[in-house]
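Remarks on the overall topology
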Amino acid sequence: MLDLGAAPGSWTQFSASRVGPHGLVVAVDLSPMSSRPENAIVYTGDFYEPDVLQSIASHGPYNVLLSDAAPATTGNRSLDTTRSAAIAEHALYLCGTMLCEGGHLVVKIFQGGEEQNLLKEFRRQFRTGRLFKPKACRAESFETYLIGLDYRNS
Ligand SMILES: C[S@@+](CC[C@H](N)C(=O)[O-])C[C@H]1O[C@@H](n2cnc3c(N)ncnc32)[C@H](O)[C@@H]1O
């Protein structure tokens with residue numbers, strides 16, 4: 001499992017418990033992680049940087065790719081939304097080399113920008129694509145998640 005934008009680390013911890021002792025979670029973030037489960041490998045760096053991408057690709061391809069990554073917010077809603085969509089697009093792009101056929105992708109995106117266009121793209125590249133806002137998200141939060149199930153990789 002690949003966890004993009006993983007710090008401080010609760011998704012990594014949960015994922016590590018789900019994949020079990022024989023599974024592997026690879027986590028990457030600009031900031032250091034607060035802890036590292038035994039079955040996780042952590043990279044501190046930028047997931048746009050070629051050397052970071054090469055390191056995470058060396059453990060793939062992955063069955064599941066998660067991205068809870070978010071840009072540093074500026075308070076300018078339009079700018080923040082555009083940057084969030086760019087991260088979501090990047091995660092989708094990485095599937096081409098890092099996600100197995102039949103694999104799954106979960107990506108956070110700020111609402112109010114590209115999410116409907118990206119949803120169309122998810123539905124083209126995955127057998128199932130949907131938007132999902134977890135109950136745990138605060139009502140005033142403009143975060144939502146794009147989910148792609150069963151990657152076609154073609
Ligand atoms: C909401 S936090 C993630 C929380 C995490 N899922 C957890 O369970 O603790 C978003 C993270 O995305 C990371 N991030 C944003 N852009 C990034 C980039 N280009 N490369 C690596 N990490 C990035 C930020 O550093 C931040 O820690």
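These remarks concern the structure in this document. Everything numeric in this text was worked out from a predicted model, so none of it was measured.

Further remarks concern the site of the ligand. Around the ligand there are 18 residues in total, and Gly9, Ser10, Trp11, Asp29 and Asp68 lie nearest to it. Here an oxygen atom of the ligand sits 2.8 Å away from a polar atom, N or O, in the main chain of Trp11. Contacts to the ligand include Asp68, whose side-chain N or O atom sits 2.8 Å from a nitrogen atom. Protein contacts shield 83% of the accessible area of the ligand, which totals 610 Å² for the unbound molecule. Under a 2 Å grid-point criterion requiring more than half of the atoms, the pocket assigned to the ligand is the largest pocket. Tallied by class, the residues present in the shell around the ligand amount to 9 nonpolar, 5 polar and 4 charged.

It is worth spelling out the pattern of salt bridges at this point. This model, assessed by the stated rule, comprises 5 salt bridges. Put simply, Asp68 and Lys108 hold a salt bridge, and the shortest N to O gap is 3.0 Å. Linking Asp68 in the loop between β4 (62-67) and α3 (77-98) with Lys108 in strand β5 (residues 99-110), this pair joins segments that are 40 residues apart in sequence. Here Asp68 matches Lys108 in class, with each residue buried.

With their axes 11 Å apart at the nearest point, helix α2 (residues 50-57) and α3 run at an angle of 50 degrees to one another. Comparing their axes, α3 and α2 come out oblique. With respect to the hand of their crossing, α2 and α3 are arranged in right-handed fashion. Two secondary-structure elements touch here, α2 through Leu53, Ile56 and Ala57 and α3 through His90, Leu94 and Met98. For the contact of α2 with α3, the class distribution of residues is 5 nonpolar, 1 polar and no charged.

Looking now at the packing of α3 against helix α4 (residues 115-125). Their axes nearest at 11 Å, the elements α3 and α4 cross at an angle of 5 degrees. When the axes of α3 and α4 are compared, the pair comes out roughly parallel. Of the residues in α4, those in contact with Ala85, Ala88, Glu89 and Leu92 of α3 are Leu118, Glu121, Phe122 and Gln125. Of the residues in the contact of α3 with α4, the class split is 5 nonpolar, 1 polar and 2 charged.

Conventions we followed
- Residue numbering note: each chain is counted from 1, following its sequence as written.
- Reporting of local features is limited, given that this is a predicted model, to residues whose pLDDT is at least 70; pairs of side-chain atoms are given and counted only at 80 or more, and all residues count toward the totals for whole chains, interfaces and linings.
- With hydrogens and water excluded, all non-hydrogen atoms of the structure serve as input to the side-chain values.
- A cutoff of 4 Å decides nearness: a residue is near a molecule or strand if any of its heavy atoms lies inside that distance of it.
- By the criterion applied in these results, polar contacts are pairs of N or O atoms within 3.5 Å in which, for protein atoms, one can donate a hydrogen and the other can accept it, and in which residues neighboring in sequence qualify only through two side-chain atoms.
- Computed with the Shrake-Rupley method and a 1.4 Å probe, the accessible areas treat only the protein chains shown as cover for residues.
- Note on definitions: the grid is 1 Å and covers protein atoms alone; a cavity is a set of points where a 1.4 Å probe fits but cannot get out; a pocket is an open set with protein on both sides within 12 Å along at least five of seven lines; lining residues have an atom within 4 Å of a point.
- Cavity and pocket membership follows a simple rule, namely that a molecule belongs there if more than half of its atoms are within 2 Å of the grid points.
- Side-chain classes are defined by residue name, with Ala, Val, Leu, Ile, Met, Phe, Trp, Tyr, Cys and Pro counting as nonpolar, Asp, Glu, Lys and Arg as charged, and the others, Gly among them, as polar.
- A side-chain nitrogen of Lys or Arg and a carboxyl oxygen of Asp or Glu constitute a salt bridge if their distance falls within 4 Å.
- A helix here means a DSSP run of H or I that spans at least four residues, while a strand means a run of E at least two residues long, and both kinds are numbered starting from the N terminus.
- Using a 1.4 Å probe on the protein chains alone, a residue whose accessible area is under 20% of its type maximum counts as buried, one over 50% counts as exposed, and one in between counts as partly exposed.
- Axes, fitted as lines to C-alpha atoms, cover a helix only where it is in contact. Angles between the N-to-C directions of the axes lie from 0 to 180 degrees.
- Throughout, the term roughly parallel applies to angles under 35 degrees, roughly antiparallel to angles over 145, roughly perpendicular to angles from 65 to 115, and oblique to all others.
- Note on convention: near helix rotated counterclockwise from far helix by under a right angle means a left-handed crossing. Clockwise means right-handed.
- In what follows, residue pairs with any heavy atoms lying within 4.5 Å of each other are defined as contacts.

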